[in-house]
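# Chain and residue survey
The lines below spell out each chain.
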Amino acid sequence: MSSVERTDVLVVGSGFGGAIAAYHLAAGGARVVVLERGPWLESREFEHDFKLGSSYTRIFDFVVGDGMSVLGGNCVGGGSVVYFAAMPRAPRFVFDRQGSIGRRIWPKGISRDTLEPWYDRVAEALPVTGQDWNEVTYAGGLWAAACAHAGLTANPVPVAVDNDKCTNCNWMMAGCRFDAKRSLLFNYLPAALAHGAEIRPLHEVQRLTRTDDGGYRVHYNVIDDEDYRIHTASGTIDAKIVVLAAGAGATPVILQRSEADLGKMPHAVGRYFSGNGERLNTAVIDEDRVREVLGLSREGGLAYAANQIGRGPVVANWDRLDGDLPEFSRFSLEQLYFPPGLGTILAQAPDAEDAGAPTWFGVRKKEMLRRWQSWLTIFIMSEDDNEGVFGPPPATGNAMRISQQMLGRGNLRYSPTLNTARGWAEADAAVREILERDGLAKVRPWTNDLVGAYTVHPLASCRIGDDPATSALDDRHELRGHPGIFVTDGSAVPTGLTVNPAMTIAALAERAMPAIVRAAQERGIPVRYGAPAPDGATSARRAVEPLVPGMIRG
Amino acid sequence: MTLEAFADTIVPGERRSPDDRAVAGAAEGPGAVAAGAVELLRTPATGIHTDLPVLADMLNEHARAYADQHGLTLDPGVPAFVALAFEDRTALVRSLVAPGHPEKDAWVLLALFSNMAFDTAAHMHTRDALAEGHPGLLAMGLMEPSPDGLWRFPAYSYGRRLADVHPDTTPSGSPR
Ligand SMILES: Cc1cc2nc3c(=O)[nH]c(=O)nc-3n(C[C@H](O)[C@H](O)[C@H](O)COP(=O)(O)OP(=O)(O)OC[C@H]3O[C@@H](n4cnc5c(N)ncnc54)[C@H](O)[C@@H]3O)c2cc1C
């Protein structure tokens, strides 16, 4: 091909940040191409199968770093296809966080109040709904009952799930076979396609260079459909605007690799990474005590034994999301299902340590596996210190890929500060206090010894902010010093959120759109801001209308 | 045989026959080896299948060094790691996967796959594994799918309110 391929807007990645940008820009009239590293699967291809190579490994990217491993989506729809669809809004205090720099980290224009209308847009688009107790699974119910027994509250979590279609199969991470999970494959992405956006799966962006007309040339490799270590072709596309949304584990790596050509990147590119203070605890439930102490029973005379039944997190404890508490001591505790294979290995056998035995393998761990149906997993989201730093980029993508799919070695270094470690310890202790009370269970945190801390919520590696020294993006998500490059994914979120982040990532992406549309107009692209929700609903759009002029002031 | 002994250290099992040397017999019921660990390691999808002979050699070298250090005499009739008693295999593996060991990545990977053979039968379709009575999935009590091979759980909820919600909750269920 001799002619250069051109588009108005090139979007990298098709998760929350990418899909929302692609939709608004395409609906507004721009020519949009989306390059996505992973494959494009339809619902019938979402398999209930643990075999390597099934959707359970094809649509994931698990990158082991130094002290931190990141699990993310790797397919059209990104994290929304593999996620658990818990969609809470971030608590008010989060936006006032100072971390260890001693002053507010978030841009002054953003607070819970000012973000609310943008949250509403996302809630209308997916949509996100509350759950009642009849919809709460056994695992969630058990967690709620244990919290209540400890004198605490517990909340059914708002979700982007159609509970009428959900079969509680607990295969959410392999993609929802029953179309119950409202992933981006059902709203923003089809709407973007309807407006002419093009999505190219198995296209992994490597770097950006500049074009003579002030735009950018995007360099990509085409990835083999089965063995992601193999690249079958490469190419370039020129664009006037580039929206990076490859996720917090990949976006900074693309920018680092582009530095040689584009010139110096802001200091904050590839720094201040947060794992959302995430951590898992695994409890082995004493079935008899659950019956006796909590009075729970289900069909078949069982008390619980329902680890396999359900759908990810449905109930969370929010007592410690208290703005009056000091920073680094606030966290949420959310019940979760984590399937075998991807994480079971990290669960530590209670009592093994006291016996001087290995905790995550060996005889005692095998005993623990036998009681797998009685496991209850509790997910901690606490306030970390943004201490992750990316080393020099690997040859391609964001990792040196080891397995055909899924597994790679990356360059993220994470060594928790005392603040983070103390937060984890307090949260671990809180879980233990709740679940070991009156002999309900034995509980241990997952071990960081194997693959470091482990996050499914990577954030802040290319963050927005007012201070150029500590933020890579201005508060309109434009990369400092590189006009026309915007970042709308989780890497833009400046701090951990103490709750699941997708709702906030998406709300910030919605909020960033008017400014990106304006930048596109300034580059001669005939595009307008103002699309309704993907299904045509307009009430949330009406609510943000008065805010739009403020968003595009330059 | 060396890799079998490694997998058996991760998820130990009963001996397949009285003269089984690779499997140490440290736990009741089948372990990772019976669950297909070596088959899984040999699948190209793991990406380490071609490294296995090298890893086995390295492991035996570590075993010889361990034996020297601890004044143990090894049966020359089997690979050095296999010749170690279960407790010694465990101690050696603990040191290899410990934070800071220069080869940690490789041994953790081997441990991950050994474990996956037991807890997911990742070298087989899960339906086939269940139909054949895969020992790991059986031990964990994985419930059967519907006849079409998909899981559904029509009963899933205690169906009642089990806690008070936090006072600072929005009507749709978010924290304030
Ligand atoms: C198992 C699991 C469960 C989760 N559950 C929840 C939950 O219940 N609630 C919640 O709020 N969050 C949850 N999350 C997190 C949530 O999925 C992420 O926070 C969210 O998807 C991040 O959105 P994003 O736009 O930043 O990136 P992503 O959604 O990760 O999208 C990035 C996309 O970019 C692609 N990409 C990467 N590199 C390149 C490249 N070089 N070129 C082209 N494309 C590239 C990736 O394949 C991916 O599709 C979960 C995550 C996981 C893994």
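Residues numbered from 1 in each chain as written. Chains lettered and ligands numbered in written order. Predicted model: local features only at pLDDT ≥ 70, side-chain atom pairs only at ≥ 80, totals over all residues. Heavy atoms only, no water.

### Section: the pairing of strand 13 (residues 375–382) of chain A
All names here are of chain A. Counting buried residues in strand 13 gives eight out of eight residues, a clear majority hidden from the surface. Residue alternation in strand 13 divides its side chains into two sets, W375, T377, F379 and M381 and L376, I378, I380 and S382, and both sets are buried. Sheet analysis places strand 10 (residues 278–285) next to strand 13, joined by seven bridges and oriented antiparallel. Note that in strand 13 the partner of L280 across the bridge is F379. Sheet topology places strand 12 (residues 331–336) next to strand 13; six bridges connect them, and they run antiparallel. Within strand 13, the residue paired with E334 across the bridge is F379. (Buried < 20%, exposed > 50% of the residue type's maximum accessible area, 1.4 Å probe, protein only. Helix = DSSP H or I, 4+ residues; strand = E, 2+ residues; numbered from the N terminus. Pairing = 2+ DSSP bridges.)

### Describing the site of the ligand
All names here are of chain A. Taken together, 37 residues sit near the ligand, with E36, A86, V205, G490 and A502 positioned nearest. Take A85: an N or O atom from its main chain is 3.2 Å from an oxygen atom of the ligand. Between an oxygen atom of the ligand and a main-chain N or O atom of P501, the distance comes to 3.3 Å. In isolation the ligand exposes 990 Å². Once the protein is present, 97% of that is buried. The set of elements that each furnish at least two residues to the shell around the ligand consists of helix 1 (16–27), strand 4 (68–73), helix 3 (79–82), strand 7 (203–210) and helix 11 (502–522). A total of three residues in the shell around the ligand trace back to one element, the largest contributor, which is strand 7. (Near = heavy atom within 4 Å. Polar contact = N/O pair within 3.5 Å; in protein donor to acceptor, adjacent residues only side chain to side chain. Areas by Shrake-Rupley, 256 points an atom, 1.4 Å probe, with all protein chains shown as cover.)

### Some points on the interface of chain B and chain A
Taken together, the contact between chain B and chain A spans 70 residues of the former and 75 residues of the latter. Note on chain B versus chain A: buried area summed over both sides is about 6100 Å², and carbon and sulfur give 62% of it. Where chain B touches chain A, the interface holds one salt bridge. One salt bridge connects R409(A) with D105(B), and the closest N-O pair in it is separated by 2.5 Å. Taken together, the connections running from chain B to chain A amount to 35 residue pairs in polar contact (both at pLDDT 80 or more). (Contact = heavy atoms within 4.5 Å. Buried area = accessible area lost by both parts, 1.4 Å probe. Salt bridge = Lys/Arg side-chain N within 4 Å of Asp/Glu carboxyl O.)

### Let's talk about the pairing of strand 10 of chain A
All names here are of chain A. Strand 10 sits mainly inside the fold: eight of its eight residues count as buried. Of the two faces of strand 10, the one lined by E278, L280, T282 and V284 and the one lined by R279, N281, A283 and I285 are each fully buried. As judged from the five bridges shared by strand 10 and strand 17 (residues 441–445), these two strands associate in the antiparallel manner. When the bridges of strand 17 are listed, I285 appears paired with A441.

### What to know about the environment of L130(B)
All names here are of chain B. By the secondary structure assignment, L130 is in helix 7 (residues 126–131). Under the relative-accessibility criterion, L130 is labelled buried at 7%. Distance from L130 to M143, taken between C-alpha atoms, is 9.0 Å for residues 13 residues apart in sequence. In this structure L130 touches L137, L142, M143, E144, P145 and W151, once residues within four positions along its chain are discounted.

### Points about the packing of helix 3 (residues 52–69) of chain B against helix 6 (residues 104–119) of chain B
Residues and elements named next belong to chain B. Contact geometry of helix 3 with helix 6 gives a least axis separation of 12 Å together with a crossing angle of 110°. Comparing the axis directions of helix 3 and helix 6 gives the class roughly perpendicular. Residue-level contacts link L52, L55, M58, L59 and H62 of helix 3 to A106, W107 and L110 of helix 6. Looking at side-chain class alone, the contact of helix 3 with helix 6 contains seven nonpolar, one polar and no charged residues. (Axes fitted to C-alpha atoms, helices over the stretch in contact; angles between N-to-C directions. Parallel < 35°, antiparallel > 145°, perpendicular 65-115°, else oblique. Nonpolar A, V, L, I, M, F, W, Y, C, P; charged D, E, K, R; others polar.)

### Topic: helix 9 (residues 363–370) of chain A
The periodicity of an α-helix, 3.6 residues per turn, causes residues three or four positions apart to be oriented the same way. Regarding helix 9 of chain A, the residues found buried are K365(A), K366(A), M368(A) and L369(A). Each buried residue of helix 9 of chain A lies within a common arc of 155° when the element is viewed along its axis, so the set occupies one face. Buried residues belonging to helix 9 of chain A abut strand 10 and strand 13 of chain A together with helix 6 and helix 8 (135–140) of chain B. (Arc of directions from axis to C-beta.)

### Some words on the sheet that holds strand 10 of chain A
Consider a sheet: its strands pair through backbone hydrogen bonds, and that pairing is either parallel or antiparallel. Residues and elements named next belong to chain A. The sheet built from six strands is open, its strands ordered 5-11-12-13-10-17 with antiparallel pairing. Each edge of the open sheet carries a strand with a single partner, namely strand 5 (155–156) and strand 17. Here two bridges tie strand 5 to strand 11 (residues 315–317), and the two strands are oriented antiparallel to one another. Bridging across to strand 11, N155 finds its partner in A316.

### Quick notes on the side chain of N419(A)
Residues and elements named next belong to chain A. By the secondary structure assignment, N419 is in helix 10 (residues 418–435). Within the structure, N419 has its side chain in polar contact with the side chain of D385 (distance 3.0 Å). Ignoring any residue separated from it by four or fewer positions in sequence, one finds N419 in contact with S100, F328 and D385.

### Some points on the packing of aromatic side chains
Under the criterion given, the structure shown has 16 aromatic pairs over all chains. Here the aromatic rings of F338(A) and Y454(A) are separated by 5.9 Å at their centres, their planes lie at 75°, and the arrangement is edge-to-face. Remark: Y454(A) occurs in strand 18 (residues 453–455) and F338(A) occurs in the loop between strand 12 and helix 9; sequence separation between them is 116 residues. Taken as a pair, F338(A) and Y454(A) share a single burial class, namely buried. Following the ring pairs from residue to residue traces out a cluster consisting of F50(A), Y56(A), W171(A) and W151(B). Positioned above the aromatic ring of Y138(A) is the side chain of R298(A), whose terminal nitrogen or guanidinium carbon lies 4.9 Å from the ring centre. (Phe/Tyr/Trp six-rings, centres within 6.5 Å; stacked < 30°, edge-to-face > 60°. Lys NZ or Arg CZ within 6 Å of the ring centre and 35° of its normal.)

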